[in-house]
Amino acid sequence: MSRSSSSALEMEIFQYIDAHQSDFIKDLKEWVAVESDSVQPHLRKEVIRMMALAADRLAALGATVHLVNLGSHQLPDGQVLPLPSVILGELGKDPQNPTVCFYGHVDVQPAKKEDGWNSDPYTLTEIDGNLYGRGATDNKGPVLAWINAVETFRALKLAMPVNFKFVIEGMEEAGSLGLEKLLEEENQSFFSDVDYIVISDNLWLSNKKPALTYGSRGNACFFVEVECGSKDLHSGTFGGIIHEPLLDLIALLDSLVDSTGRIQIPGIYDSVAAVTEEERKLYELIEFDLEEHRINCGVKKFLYSTKEEILLHLWRYPSLSVHGIEGAFHEPGIKTVIPAKVIGKFSIRQVPHMDLSVVKKQVVEHLEGVFSKRNSPNKLKVSMPLGAKPWLADVNDLLYKAARRAIKTVFGEDPDFIRDGSTVPIARMFQSITQKSVMMLPIGAADDGEHSQNEKISRHNYIEGTKLFAAFFLEISKLHQTLHETSHRETIN
Ligand SMILES: NCC(=O)N[C@@H](Cc1c[nH]cn1)C(=O)O
Ligand SMILES: [Zn+2]
Ligand SMILES: [Zn+2]
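Residues numbered from 1 in each chain as written. Chains lettered and ligands numbered in written order. Predicted model: local features only at pLDDT ≥ 70, side-chain atom pairs only at ≥ 80, totals over all residues. Heavy atoms only, no water.

Under an unreviewed UniProt entry, the name given to the protein is Carnosine dipeptidase 1, and the organism recorded is Corvus moneduloides.

Regarding the site of ligand 1
Around ligand 1, the surrounding shell consists of Asp-201, Asn-219, Cys-221, Arg-349, Leu-386, Ser-422, Thr-423 and His-451. The contact in question runs from an oxygen atom of ligand 1 to an N or O atom on the side chain of Arg-349, over 2.7 Å. Within the backbone of Thr-423, a nitrogen or oxygen atom sits 2.8 Å from an oxygen atom of ligand 1. With the chains in place, 74% of the 370 Å² that ligand 1 exposes on its own is no longer accessible. Each of domain 1 (8–216 + 390–492) and domain 2 (219–273 + 316–388) accounts for three or more of the residues forming the shell around ligand 1. (Near = heavy atom within 4 Å. Polar contact = N/O pair within 3.5 Å; in protein donor to acceptor, adjacent residues only side chain to side chain. Areas by Shrake-Rupley, 256 points an atom, 1.4 Å probe, with all protein chains shown as cover. Domains from an automatic or database assignment.)

Let's talk about the UniProt feature "site: Important for catalytic activity" (unreviewed entry) in the protein
With numbering aligned to this structure, UniProt lists the feature "site: Important for catalytic activity" (unreviewed entry) at His-234. Note that His-234 resides in strand β12 (residues 233–234). Judged by its relative accessible area of 47%, His-234 falls in the partly exposed class. For His-234, the residues in contact, after removing those within four places along its chain, are Gly-239, Thr-336 and Ile-338. At a separation of 2.7 Å, a polar atom in the side chain of His-234 contacts the main-chain amide nitrogen of Gly-236. (UniProt positions renumbered as here; feature names shortened; annotations may be inferred. Helix = DSSP H or I, 4+ residues; strand = E, 2+ residues; numbered from the N terminus. Buried < 20%, exposed > 50% of the residue type's maximum accessible area, 1.4 Å probe, protein only. Contact = heavy atoms within 4.5 Å.)

Observations regarding the domain arrangement of the protein
By the assigned domains, the protein splits into domain 1 (8–216 + 390–492) and domain 2 (219–273 + 316–388). The C-alpha centroid of domain 2 is placed 36 Å from the C-alpha centroid of domain 1. Facing 7 residues of domain 1, the contacting portion of domain 2 comprises 7 residues. Summed over both sides, the interface of domain 1 with domain 2 buries roughly 550 Å², with 62% coming from carbon and sulfur. Counting the surface domain 1 buries against domain 2, the share from its top three residues, Pro-390, Arg-419 and Thr-423, is 75%. Applying the counting rule to domain 1 against domain 2 returns 0 salt bridges. If you look at where domain 1 meets domain 2, you find 1 residue pair in polar contact (both at pLDDT 80 or more). Looking at side-chain class alone, the side of domain 1 that touches domain 2 contains 3 nonpolar, 3 polar and 1 charged residues. (Buried area = accessible area lost by both parts, 1.4 Å probe. Salt bridge = Lys/Arg side-chain N within 4 Å of Asp/Glu carboxyl O. Nonpolar A, V, L, I, M, F, W, Y, C, P; charged D, E, K, R; others polar.)

Topic: the coordination of the zinc ion (ligand 2)
Surrounding the zinc ion (ligand 2) are the protein donor atoms His-105 (NE2), Asp-138 (OD), Asp-201 (OD) and Asp-201 (OD), which sit 2.0 to 2.6 Å from the metal. Angles of 55 to 148° at the metal separate the 4 donor atoms of the zinc ion (ligand 2), which places the site in the irregular class. We note that the donor set of the zinc ion (ligand 2) lies within a single chain, spaced as H-x32-D-x62-D. The zinc ion (ligand 3) is placed at 3.3 Å from the zinc ion (ligand 2), the two being bridged by Asp-138. Here His-105 is found in strand β5 (residues 99–105), whereas its partner Asp-201 is found in the loop between β9 (196–199) and β10 (211–216), with 96 residues between them in sequence. Note on Asp-201: relative accessible area 8%, which makes it buried. (Donors = N, O, S within 2.8 Å, 3.2 Å for Na, K, Ca; no water. Tetrahedral: all angles 85-135°; square planar, octahedral: opposite > 155°, others 65-115°.)

Describing the sheet that holds strand β6 (residues 125–127)
In space, the 3 strands of this open sheet follow the order β6-β7-β20, with antiparallel pairing throughout. If you trace the sheet from one side to the other, it starts and ends with β6 and β20 (456–458), each paired once. Across the sheet, the mean angle from the axis of one strand to that of its neighbour is 30°, orientation sign disregarded. Relative to β20, strand β7 (residues 130–132) is paired through 3 bridges, and the arrangement is antiparallel. Each residue of the ladder has a partner; that of Asn-130, found in β20, is Ser-458. (Pairing = 2+ DSSP bridges. Axes fitted to C-alpha atoms, helices over the stretch in contact; angles between N-to-C directions.)

Here you go:
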């Protein structure tokens, strides 16, 4: 396919996408209306209904769809819940075409209007060019944008430039339960002919400039439990004569990070890979507006004042965040109680070459050391219920070249090459289990507010994102075929 005929083709595709904006937004409205919150047990049936909707949408594209049953899981309170099936879809089997597998999720984080939303979270609402609704950007919008792009080729009766595979799940926000096992089981079958894997479940670094993501941090999540006895106590009757668990816990949590953000656990930075000069140069190229980022974040000041320091601390160094305390009184009003058992929750973002088992040992030793100095008779228990390794891809891979070209075509500029400070365990799982190239190709902007109140995707990003995916299909097809023709010629010679 020549460059000029490709441009004419792209024009035809982009015109179709522009002309069908309302249909694509209607589909997103229908998906956002399903309260597919995978975190709250009583909404599990809605997640299952959402999976059926997504399966129907793929079937309407002409894809073969398998809903793989993952059985059930037990909650800490003993309740057993069905796991939503995972969709494995396939469309096209042309041996000349590369096979691109797209991963996305259609479950969402919890949301209530009372949390501070300006509109009902489950009614997609357009205000000033933004489409507000839970899941609009994380991750229903991007999943539909990919489907819209495939649909465009079908509607225009164009030859499909790639073979498509789909992995769509409904438990991502609750830890992708059962997915790793499924990938292992399907590695020699469903994934055997996959060439490339694309995930679109993160955001650009800026509000306006597109990005390509080649790495994400891992995460080690910890529970630290302190218990004095079996029942809560009256603080008037017992306060002043006992070692209070919550005071022990606050001292333990306070020992983790100093006020400059530096983690105080001995040895924690020892195996962090050194930052190379090449990497520093890469950072220089990134357009990063500190003030825009501060406004998106809603805080007065960051811990660091330069672009380089901020990016390094988001992507290249571990960070420790304290998430909450189970068992502590947190409701409005006064309750003069001494809680008997409290559980502090914190996590440490992981970067290459940290080792999860070493980190766990360092954390346990540190907390036990701090606790022993308090001479408290209380019981201390430290556990690491979840550990995810970091992910790093090769930006020289064909996938990145294709996506970069597609971004240039659609947005008229080169993308930022970025990492993501959050954790996308599925990227690492795909890479290590299937050994295929993995890329994260976001279409959402930095101010989309994933997991937050007033989550949105802009109409512009949703529609241009659809075009980006369509352009990417054409680019990866061309590059893949060129690569194979070259290696075929080299074999003959
Ligand atoms: N956008 C991805 C995301 O938000 N991932 C979660 C996953 C996670 C990590 N540790 C526990 N869950 C994140 O917090 O990074
Ligand atoms: Zn997501
Ligand atoms: Zn999410």
